[in-house]
Amino acid sequence: MAGLHQERTRMRKAGGNSAFARMMGLNDKTLSNMANARRRLNDELLAALGP
């Protein structure tokens, strides 16, 4: 649960989900679906997020 809280904090600091998605090279809907467990996290996103 702590990892999800950290990523939501990073999303807010980036200026919201859309801005964070652009930074990560993702579609904002894809990111939203991943953040809300409607879509599995992929290896590319996990690598981009870092440890």
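Scroll up to find the structure.
Bear in mind that the values here come from a model prediction, so they are computed numbers and not experimental data.

A. Region of interest: the overall build of the protein. Secondary structure assignment for the protein yields four helices and zero strands. The order of α-helices and β-strands along the protein, N terminus first, is α-α-α-α. Relative to its full complement of 51 residues, the protein shows a buried share of 25%. Put simply, the protein shows about 3,900 Å² of open surface, and 51% of that area lies on carbon and sulfur atoms.

B. Region of the structure containing helix α3 (residues 28-35). Considered for burial, the residues of α3 that qualify are T30, L31, S32, M34 and A35. Sitting at the amino-terminal end of α3 is N27, which places a side-chain oxygen 2.7 Å from the backbone nitrogen of K29. Following α3 by one or two positions, A37 adopts a phi angle in the positive range, close to 60°.

C. Fine view of helix α2 (residues 17-24). Along α2, the positions that sit buried rather than exposed are A19, F20, A21 and M24. One or two positions beyond α2, positive phi appears at G25, with a value near 75°.

D. Expanded view of the nonpolar core. Counting residues in each nonpolar core, the largest one holds six residues, listed as M11, F20, A21, M24, L31 and A35. Broken down by secondary-structure element, the contributors of at least two residues to this core are α2 and α3. A per-element tally of this core places α2 first, with three residues. Those residues in contact with L31 that sit more than four places away from it in its chain are M11, N17, F20, A21 and L26.

Cut-offs applied
Residues numbered from 1 in each chain as written. Predicted model: local features only at pLDDT ≥ 70, side-chain atom pairs only at ≥ 80, totals over all residues. Heavy atoms only, no water. Helix = DSSP H or I, 4+ residues; strand = E, 2+ residues; numbered from the N terminus. Buried < 20%, exposed > 50% of the residue type's maximum accessible area, 1.4 Å probe, protein only. Areas by Shrake-Rupley, 256 points an atom, 1.4 Å probe, with all protein chains shown as cover. Polar contact = N/O pair within 3.5 Å; in protein donor to acceptor, adjacent residues only side chain to side chain. Core = buried A, V, L, I, M, F, W, Y, C linked by side-chain atoms within 4.5 Å. Contact = heavy atoms within 4.5 Å.

None of the figures reported here should be taken as evidence of function without further support.
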